[in-house]
Amino acid sequence: MTNTIVVVGAGVSGLTSALLLSKNKANTVTVVAKHMPGDYDIEYASPFAGANIVPMATKENARWESRTWPVFKRLTEEVPEAGIHFQKCHIQRRDDDLRNTANATFPDSTFDPNPWYKDLFDDFREHEPSELTPGYDSGCQYTAVCINTAIYLPWLLGQCLKSGVVVKRAILTDIRDAKQLSHTGNAANIIVNATGLGSLKLGGVLDTTMAPARGQVVLVRNESTPMLICSGTPDGRGEETYLMQRAAGGGTILGGTYDIGNWESQPDPNIATRIMQRVVAARPDIAGGKGVAGLSVVRHAVGLRPWRKAGLRLEEERLDDETWIVHNYGHSGWGYQGSYGCAEGVVELVDKVTNGAKLTGRSPSF
Ligand code: FAD
């Protein structure tokens, strides 16, 4: 049996799903999307990510991030043109933030003093008091990666093309329309929904539990390592302090915010000032000790993370007698660091629904 597959969405979730699906030559894969690598648009989260690897799942849901890390590690070691480099990552915790999680923006599991992910990284260790960022009570470090998304997304698209995927622009009003969009001219029997926040308004999905988790960042030319992720800030809920230096001349991303329900697409200058002040206070060397004035700004930017109340939706849904939808959306702030694990999950679901159909000759119930 061959599968005619249409993946809707060309962010990191759609492209990674398409790539892994295309490795099975029984699958013919078309990607259709409103936005593509190279675009910067408020409806397209992927270009705005840092992006680094700061595990956010609970131990029970660790599969997606655990399965992704070895792939990024291998890409960093073996594929320099993917635009990823190794960087130490410092996680810094304030006791108050651990006690009062209502003020936290990152999930609790990221700042767990005994995190499940300590076994994921070879060199994880707790910090000595002398290593802590001023104002923080404890911390840890491990070697992670930082992905230059401006290089990585086009690279990922290129891998899809090399693997036979055909890519087209289209704006869908209903997920059912994807059935007629395969480049082969055949009706799709599998539709992968990787529309991120688009799933809120896309007909046939209309997932009203989706909302934006607004992320405002500043991209600067200044460089500073290691990466820094802090549990809270003096500026209250919705504001974060982090920095990550992108690979290959990508500058350094200063963050940020994580503001659920806020749709504002334009950078707020007051928030930008607070982000820069917090970063230079935590890491004066980034600006040569000159404070905010020592930062060389490339741009201010806003991206909307595809937040979902119950977390990721990775599941199959029957559309009609011939067609299944496999949903892969709702990754909020971890779309890169879970991308290969989730795409593997998509492949498994496609195998499950097609084998199920072949074995039973009727619709599997769910
Ligand atoms: P998107 O990238 O939003 O792609 C959605 C795709 O669907 C687009 O191609 C769009 O055009 C298409 N689409 C939607 N609706 C339709 C329609 N009706 N018709 C046709 N096409 C449609 N993640 C990490 O792992 N690490 C990080 O360090 C990190 N940092 C982040 C920092 C910021 C500031 C932000 C904003 C995000 C960050 N993230 C990070 C999160 C990450 O960027 C997202 O989880 C990820 O990009 C989501 O990818 P996606 O492919 O699901 O959605």
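Predicted model, so just to flag it, every value in this text is computed and none were measured.

Participant: Looking at this model, I keep getting lost on the overall build of the protein chain. Mind explaining?
Facilitator: Assigned secondary structure in the protein chain consists of six helices and 15 strands. Its C-alpha atoms put the protein chain at 65 × 40 × 35 Å along the principal axes. Of all intrachain contacts in the protein chain linking residues separated by at least 6 positions in sequence, the fraction that spans at least 24 positions is 74%. In the form shown here, the protein chain has an accessible surface area of approximately 15200 Å², with 50% of it arising from carbon and sulfur atoms. Separation of charge centres in the protein chain, based on 37 positive and 40 negative side chains, amounts to 4 Å.

Participant: I tried to follow the nonpolar core on my own but got confused; where do I start?
Facilitator: One broad trend across soluble globular proteins is that nonpolar side chains are buried collectively. Among the nonpolar cores identified, the biggest contains 71 residues, and F72, I91, Y117, Y142, Y152 and I229 are the most heavily contacted of them. Excluding its chain neighbours within four sequence positions, the residues that come into contact with I91 are V54, T110, F111, Y117, H127, S138, G139, C140, Y142 and I229.

Participant: What should I look at first to understand the sheet that holds strand β1 (residues 3–8) in this one?
Facilitator: Each strand in a sheet pairs with another by means of backbone hydrogen bonds, the pair being arranged parallel or else antiparallel. Strand order in this open sheet of six strands is β6-β2-β1-β7-β15-β14, and the pairing throughout is mixed. The open sheet has two free edges, formed respectively by β6 (166–169) and β14 (313–320), since each of these has just one partner strand. In this sheet, neighbouring strand axes are inclined to one another by 20 degrees on average, regardless of whether the strands run parallel or antiparallel. Here four bridges tie β1 to strand β7 (residues 190–193), and the two strands are oriented parallel to one another. When the sheet's bridge partners are listed, I5 is paired in β7 with I190. Together, β1, β2 (27–33), β7 and β15 (323–329) form the strand contacts of helix α1 (residues 12–22), whose direction differs from that of β2 by roughly 165 degrees.

Participant: Can you walk me through the site of the ligand in this structure?
Facilitator: Around the ligand there are 38 residues in total, and S13, H35, S46, L172 and S332 lie nearest to it. In isolation the ligand exposes 1000 Å². Once the protein is present, 96% of that is buried. If one sorts the elements of the shell around the ligand by residue count, strand β13 (residues 297–308) sits on top with three residues.

Participant: Where do I start with the packing of aromatic side chains in this structure?
Facilitator: Between two aromatic rings, the relevant description is the distance of the centres plus the angle of the planes. Counted according to the given criterion, the structure contains twelve aromatic pairs. Seen from their ring centres, F72 and Y340 are 5.5 Å apart, and the 80 degrees between their planes marks the pair as edge-to-face. Placement of F72 in helix α2 (residues 63–78) and of Y340 in helix α6 (residues 339–360) is noted, with a sequence separation of 268 residues between them. Accessibility assignment for this pair places F72 and Y340 in one class, buried.

Participant: Hey, could you run me through helix α5 (residues 269–282) in this one?
Facilitator: One full turn of an α-helix is made of 3.6 residues, so residues set three or four places apart face in the same direction. The end-to-end C-alpha separation of α5 is 20 Å, in line with the 20 Å expected for 14 residues at 1.5 Å each. For α5, every residue scored as buried is listed here: I271, A272, I275, M276, R278, V279, V280 and A282. Residues of α5 that are buried sit in contact with β8 (210–220), β9 (227–230), β10 (239–245), β11 (252–257) and β13. By the N-cap criterion, in which a side-chain oxygen at the helix start approaches the backbone nitrogen of a residue two or three places on, α5 is capped by D268, the distance to N270 being 2.7 Å.

Participant: Explain the side chain of R214 here, please?
Facilitator: Within the secondary structure, R214 is located in strand β8. Salt bridges are absent for the buried R214, whose nearest opposite-charge side chain, E264, sits at 5.6 Å. Separated by 2.7 Å, the side chain of R214 and the backbone oxygen of E264 make a polar contact.

Participant: Whenever I open this one, the pattern of salt bridges confuses me. Can you help?
Facilitator: A pair can form between side chains of opposite charge whenever their charged atoms are brought close. Using the criterion set out here, one finds 23 salt bridges in the structure. Put simply, R63, R67, E344 and E348 are held in one network by salt bridges that share partners.

Participant: In this structure, what is going on with α2? I would like to understand it.
Facilitator: Here α2 contains 16 residues, and its C-alpha end-to-end distance of 24 Å stays within 8% of the 22 Å for a straight helix at 1.5 Å per residue. Among the residues of α2, those classed as buried are W64, E65, T68, W69, F72, L75 and T76.

Participant: Can you walk me through the state of the cysteines in this structure?
Facilitator: As used in these notes, a disulfide is a covalent bond between sulfur atoms, one from each of two cysteines. Within this structure, the stated rule accounts for zero disulfides. Here C140 is not disulfide-linked; the sulfur of C89 is the nearest cysteine sulfur, at 7.7 Å. In this structure C230 is a free cysteine whose sulfur lies 10 Å from that of C89, the closest cysteine sulfur available.

Participant: How should the packing of α1 against helix α4 (residues 149–162) be read in this particular structure?
Facilitator: Relative placement of two packed helices is described by the angle separating their axes and the distance separating the axes. Packing of α1 against α4 brings their axes to within 9 Å, and their N-to-C directions diverge by 30 degrees. Here α1 lies roughly parallel to α4, going by the angle between them. Pair α1 / α4 crosses with left-handed handedness. Seen from α1, the contacting residues are V12, L15, T16, A18 and L19; seen from α4, they are Y152, L153, L156, L157, Q159 and C160. Residue classes in the contact of α1 with α4 are distributed as nine nonpolar, two polar and no charged.

Criteria and thresholds
Residues numbered from 1 in each chain as written. Predicted model: local features only at pLDDT ≥ 70, side-chain atom pairs only at ≥ 80, totals over all residues. Heavy atoms only, no water. Helix = DSSP H or I, 4+ residues; strand = E, 2+ residues; numbered from the N terminus. Contact = heavy atoms within 4.5 Å. Areas by Shrake-Rupley, 256 points an atom, 1.4 Å probe, with all protein chains shown as cover. Lys, Arg positive; Asp, Glu negative; His and termini not counted. Charge placed at Lys NZ, Arg CZ, Asp CG, Glu CD. Core = buried A, V, L, I, M, F, W, Y, C linked by side-chain atoms within 4.5 Å. Buried < 20%, exposed > 50% of the residue type's maximum accessible area, 1.4 Å probe, protein only. Pairing = 2+ DSSP bridges. Axes fitted to C-alpha atoms, helices over the stretch in contact; angles between N-to-C directions. Near = heavy atom within 4 Å. Phe/Tyr/Trp six-rings, centres within 6.5 Å; stacked < 30°, edge-to-face > 60°. Expected span 1.5 Å × (residues − 1). Polar contact = N/O pair within 3.5 Å; in protein donor to acceptor, adjacent residues only side chain to side chain. Salt bridge = Lys/Arg side-chain N within 4 Å of Asp/Glu carboxyl O. Disulfide = S-S within 2.5 Å. Parallel < 35°, antiparallel > 145°, perpendicular 65-115°, else oblique. Left-handed = near helix turned anticlockwise from the far one by under 90°. Nonpolar A, V, L, I, M, F, W, Y, C, P; charged D, E, K, R; others polar.

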